[in-house]
Structure formats: C-alpha cells, structure tokens
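Residue-level listing of the chains:
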Amino acid sequence: MRHTVLVFAGLDPSGGAGLAADILAIAAQGAHALPVITALTVQDNDRVFAVEAVAPELLRRQAQALIDKVAIHAVKIGIPGSAANAAVIAQLVRQLRQARPDLAVVLDPVLASGHGDVLSRDDAVLALAPLLPLTTVIVPNGPEAAALGGEEHLRAQGCQHVLLTGGHGDGEEVLNRWLDAGGGEQTWRWPRLPGAFHGSGCTLASAIAARLALGQALPEALDLAQSYCHAALADAYAIAPGQLMPQRFIQ
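Now for a look at the structure at hand. Given the structure is predicted, the values throughout are model-derived calculations rather than measurements. (Residues numbered from 1 in each chain as written. Predicted model: local features only at pLDDT ≥ 70, side-chain atom pairs only at ≥ 80, totals over all residues. Heavy atoms only, no water.)

## Quick notes on the pattern of salt bridges
Then, number 1: One pass over the structure, following the stated rule, counts six salt bridges.
Then, number 2: Notably, a salt bridge pairs R189 with E173, separated by 3.6 Å at the nearest N-O pair. A residue pair is termed long-range when its members are at least 10 positions apart, and R189 in strand β9 (residues 185-191) and E173 in strand β8 (residues 173-179) qualify at 16 residues.
Then, number 3: Here R177 makes a salt bridge to E185, at a shortest N to O gap of 3.3 Å.
Then, number 4: A single salt-bridge network, built from bridges that share partners, covers E151, R177 and E185. (Salt bridge = Lys/Arg side-chain N within 4 Å of Asp/Glu carboxyl O. Helix = DSSP H or I, 4+ residues; strand = E, 2+ residues; numbered from the N terminus.)

And the structure:
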C-alpha cells in the first residue's frame, strides 16, 4: 500500500497554495496526501481577503476518521486557522505518536500571505505554540523565522530541525540553511529565479514530509525535496497577473 501524509492546511480557491499545493507535491514524490481542512479562505493568486477557520470538533472528526482506518507515515501542517485548531492538531499528533513515536511532523509556519494578509483568526505566532514541541522539521522563510524568535529560539521551543529558506533574501543565489538536532549546519545554494511564486513554502514542506513518509533519511529528504521545489518554481506558469503557480506535477 502507498505511504501517506496526513495534511492539516487551509483551502485556497486559486489552487496555488494550501491543500491544493500539498496534494500535488506529495503525489509527485510518490506518496498519498490525506487532506484535512483547517480553514476556508477567500483569495486569489496574490491576496488573501478572508479566512474562516473550521470548527475544532469538525477538524478532529476529519482527522480521526482517517487515523482510525489508514496508516499514517508522516504529518504536514500548514495554517491551523485558529489557536483552538492548533491545540486539536497537537493532541492528534500526540495520539499518533503513542503508536509511532518516531512519526515525522513537518511544519510550514505560514504567518501571513506574501502581501502580509493575516492567515489566522488569532495571533498566528501564539497559535503555533502547541505545535512547536512536536515538530520534527520546521521550514520557515526569513520573516517567519524572525517573527518566531529565530532559529535558536525555535530549537529551544522543541523543534528538532530548522530549515531556513532564503527566498525572501537578495542576491543571485537563494541560500537555504539546515540547523540539525545536534547543532550542526548544512547549506544549499540555488539560483534565484525571476518572479514571485504562490505556495512555494507549501510545496517544499509537503515534499519533505512525503520523502520522510517514504522512509528516506532526513538529509536525503531535504536534498531531494529542495531539488523538486526548485524545478517546480523554474517551470512555474501564470493563471493571472501576479504570483506564478509552481509546476508541481513532475516526477
């Protein structure tokens, strides 16, 4: 049977970020996404106009129906939608780890859209607090890492591994840095691509989760997921003026 990733994320009607991105990115790695909706959004490929969090009990029921039937090999978390939903997700992860203590959890700490539009009913930073101690790999960009207190602070909060992405920086190269659980560091450099992309963080985090679900070691999973994400961005396409859509449907 195919390996699965339980995904908690919002629904983006533009099809570029959130669950739509997660499903395609996970499938492209050879795993299967189990999408649990945390929030409904009103957005296009550039702006988020409204976010409506799913009721916590409905979120729990969505996930529990899957947990009761399907073997879960990794978890990917995007926006929880609310602090109450984050608490439910944390409880579900702890439940899963009773049977599988080494279950990988990948957190994409999306705090706002590229234009700064808020993506949580509550303070987005505080809403993530119960999830940080359960996170195997957190994948923040520069602004997200700063808002969350920096890499060392994230480690102190319980995140085992931090992959800091450099897409929001300057220069001809994108520098991604991995701070591992032992305090070591590894870097990757990628040519900076022209344009802006919708859902690039979702794409990378989901690809990492899928690679871990398939049983790959973390260094290999990080390397292959970044290669996939860069290829998806390099072949991105437009559906309207503004941010481009990564071409995720590649093997």
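## Some words on the packing of helix α1 (residues 18-29) against helix α7 (residues 200-213)
Then, number 1: Packing of α1 against α7 leaves a shortest axis separation of 8 Å and a crossing angle of 40°. One element, α1, and the other, α7, form an angle in the oblique class. Regarding α1 and α7, the two cross each other, and that crossing is right-handed. Two secondary-structure elements touch here, α1 through G18, A21, D22, A25, I26 and Q29 and α7 through C202, T203, S206, A207, A210 and R211. (Axes fitted to C-alpha atoms, helices over the stretch in contact; angles between N-to-C directions. Parallel < 35°, antiparallel > 145°, perpendicular 65-115°, else oblique. Left-handed = near helix turned anticlockwise from the far one by under 90°. Contact = heavy atoms within 4.5 Å.)

## Considering the pairing of strand β2 (residues 32-43)
Then, number 1: Relative to β2, strand β1 (residues 4-11) runs parallel, the two being bridged by eight bridges. Paired with T4 across the two strands is H32, which belongs to β2.
Then, number 2: At this point the chain moves from β1, through α1, to the parallel β2, and the crossover so formed is right-handed.
Then, number 3: Two strands pair when backbone bridges link them, and β2 and strand β3 (residues 48-53) are joined in this way by five bridges, in the antiparallel orientation. Within β3, the residue paired with T41 across the bridge is V51.
Then, number 4: From the end of β2 to the start of β3, which pair antiparallel, there are four residues. (Pairing = 2+ DSSP bridges. Right-handed = clockwise from strand over helix to strand, strands pointing away.)

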